[in-house]
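Chain by chain, the residues run as shown.
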Amino acid sequence: MAAVDMTEVGAKVEGQEEEQVVNPWEVSAKDGGKIDYDKLIDRFGCQRLDHSLVQRVERLTSRPAHVFLRRGVFFAHRDFNDILDAYERGDKFYLYTGRGPSSEALHLGHLIPFMFTKYLQEAFKVPLVIQLTDDEKFLWKNLTVEETQRLARENAKDIIACGFDISKTFIFSDFDFVGGAFYKNMVKVAKKVTYNQAVGIFGFTGEDHIGKVSFPPVQAVPSFPSSFPHLFSGKVNLRCLIPCAIDQDPYFRMTRDVAPRIGYHKPALIESSFFPALQGENGKMSASDPNSAIYVTDSAKDIKNKVNRYAFSGGQDSVEKHRQLGANLEVDIPIKYLSFFLDNDDELEHIKKEYGAGLMLTGEVKQRLIVVLTELVERHRRARASVTEEMVDAFMAVRPLPHMFD
């Protein structure tokens, strides 16, 4: 077997206690601290997404960069510059992202990759494949096959509600779609990754069943256009760009190591930081604690209650002290949420300046956030209500997309 590029797969040092664990199933920092994204970039071997790349995106697409790009929510990448080089030469690419359907309702953190992917699809006018890993959730969660399949369809409605172009978008669930050319690529990938490498990349133990160990190729191969002959027949050199949260990086380190050894391009990635829990960046958004996150099913009353009661404040503990010292914006969750969802850059800077100087109080900032989140959730709820079962079937139908590059 060819020598393994350890900059792609990422080696672990024996006996070294990790300060932070970031993988597709666990995100935690030592002693409950914050994730250090600079250390994560160094450990994973990806690159920081700098301002010059953001400016280049604006120039190539003739539109302002998405707020998630401008404000560094998507902060790291692998070969994004290569994708832009190819695009500038007139070579198109396709987008690939996904969702593991383990819950009925999505929270705002789940929406972030889809909101950003919709912008990329519109800005670059390219096709998109969205993988619903119902098989993964069966393997990792205490769910039946039938329940994961039902949740995949429910989650597909939320994804469609983000506004994707049906003439450029194919959504598929693994239980329904895996086979044929897709399965051939899975086997090709699986043959190139040893068990020891899988343990090193994903942290599998002797207690994990073989279903978990065999899953990574399933998430790897949507990166290859030949996995979708109904879409990309004859387009074997089409590049793939994957927008995702950085906890998914291990899958694609593995994929990028294997790709050239089976005759394919390495997929490029553009990766986001984590959306914080209401209780603070040290907290975790958990399905078992509905007050840790804002869900797309929350009512206006729910949102108001959660923000006022649970959103961690960087304000001081008395008005007098706050006027004197101002807020600590580094830990303030309302400011962090506004950084994600308040479109107006000038207004955001104004709020940060006034709040940081003690001229605005926590209650005022929370009130602005409540308005922003209520509008966002209500807009999503209206869009989702209009998604029918027939629309889900249409997005998931195996069909050519003749206008996908128009």
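Residues numbered from 1 in each chain as written. Predicted model: local features only at pLDDT ≥ 70, side-chain atom pairs only at ≥ 80, totals over all residues. Heavy atoms only, no water.

Draft legend 1. Spatial organisation of the confidence of the model for the protein. Across the protein, the average pLDDT comes to 93, with 95% of residues at 70 or higher. Predicted confidence for residues 1–7 stays below pLDDT 50, and this span has 13 contacts to residues more than four positions away or in other chains. Taken together, the stretch residues 10–16 has pLDDT below 50 and engages in 6 contacts with residues farther than four places along the chain or on a different chain. (pLDDT = per-residue confidence, 0-100. Contact = heavy atoms within 4.5 Å.)

Draft legend 2. Local environment of the sheet that holds strand β9 (residues 268–272). Spatial ordering of the open sheet is given by β3-β4-β9-β8-β5-β6-β7, a layout of 7 strands whose pairing is mixed. The sheet is open, and its two borders are formed by β3 (47–48) and β7 (169–173), each paired with just one other strand. Relative to strand β8 (residues 239–245), strand β5 (residues 93–99) runs parallel, the two sharing 3 bridges. Within β8, the position partnered with L95 by the bridge is L241. Of the strands in this sheet, β5, β6 (128–132) and β7 touch helix α8 (residues 145–160), which is tilted by about 150° from β6. (Pairing = 2+ DSSP bridges. Helix = DSSP H or I, 4+ residues; strand = E, 2+ residues; numbered from the N terminus. Axes fitted to C-alpha atoms, helices over the stretch in contact; angles between N-to-C directions.)

Draft legend 3. Expanded view of the environment of V54. Looking at the secondary structure, you find V54 in helix α3 (residues 51–61). Looking at V54, the relative accessible area reads 6%, which means it is buried. A C-alpha to C-alpha distance of 9.2 Å links V54 and H66, two positions 12 residues apart in sequence. What V54 contacts, discounting residues up to four positions off in sequence, is L49, A65 and L69. (Buried < 20%, exposed > 50% of the residue type's maximum accessible area, 1.4 Å probe, protein only.)

Draft legend 4. Representation of the packing of aromatic side chains. Within the structure shown, the criterion is met by 37 aromatic pairs. Taking 6.1 Å as the distance between ring centres and 40° as the angle between the ring planes, the aromatic pair formed by Y37 and F274 counts as tilted. Note that Y37 is positioned in helix α2 (residues 37–44) and F274 in the loop between β9 and α16 (300–310), a separation of 237 residues in sequence. Taking relative accessible area as the criterion, Y37 reaches 17% and is therefore assigned buried. The buried category is assigned to F274, whose relative accessible area is 17%. Considering the side-chain rings of F215 and Y251, the 6.0 Å spacing of their centres and the 80° angle between planes classify their relative orientation as edge-to-face. Taken as a pair, F215 in the loop between α12 (210–214) and α13 (216–220) and Y251 in helix α15 (residues 249–258) lie far apart in primary sequence, 36 residues in all. Considered together, F215 and Y251 belong to a single accessibility category, that of buried residues. These aromatic residues form a ring-pair network of at least three members: W25, Y96, W140, F202, F204, F215, Y251 and F252. (Phe/Tyr/Trp six-rings, centres within 6.5 Å; stacked < 30°, edge-to-face > 60°.)

Draft legend 5. Geometry of empty space enclosed by the protein. Enumeration over the complete set of coordinates arrives at 1 cavity of 30 Å³ or more. What the largest cavity holds in volume is close to 50 Å³. Every residue along the wall of the largest cavity is listed here: S223, F224, P225, V236, L238, C240, Y264, H265, K266 and P267. Its residues assigned to classes, the lining of the largest cavity shows 7 nonpolar, 2 polar and 1 charged. (1 Å grid on protein atoms, 1.4 Å probe; cavity = no way out; pocket = protein on both sides within 12 Å on 5 of 7 lines; lining within 4 Å. Points joined across faces, edges and corners; volume = space filled by probe spheres on them. Nonpolar A, V, L, I, M, F, W, Y, C, P; charged D, E, K, R; others polar.)

Draft legend 6. A look at the pattern of salt bridges. Taken as a whole, this structure holds 32 salt bridges when the rule is applied. Of the charged contacts, one joins D91 and R89 as a salt bridge, the two residues approaching to 3.8 Å between their closest N and O atoms. The exposure class of R89 is exposed, given its relative accessible area of 60%. When salt bridges with common partners are traced through the structure, they connect R153, E154, K157, D158, R384, E389 and D393 into a single cluster. (Salt bridge = Lys/Arg side-chain N within 4 Å of Asp/Glu carboxyl O.)

Draft legend 7. Local environment of the environment of R89. Tracing the backbone shows R89 in the loop between α5 (80–88) and β5. C-alpha separation for the pair R89 and G206, spaced 117 residues apart in sequence, amounts to 48 Å.

Draft legend 8. Up close: the packing of helix α6 (residues 108–124) against helix α20 (residues 362–385). With their axes 13 Å apart at the nearest point, α6 and α20 run at an angle of 70° to one another. Our classification of the angle between α6 and α20 gives roughly perpendicular. Classified by chirality, the crossing of α20 by α6 is left-handed. Contact with α6, carried on its side by L108, L111 and M115, involves L373, L376, V377 and H380 of α20 and no other residues of that element. Class assignment of the residues belonging to the contact of α6 with α20 gives a composition of 6 nonpolar, 1 polar and no charged. (Parallel < 35°, antiparallel > 145°, perpendicular 65-115°, else oblique. Left-handed = near helix turned anticlockwise from the far one by under 90°.)

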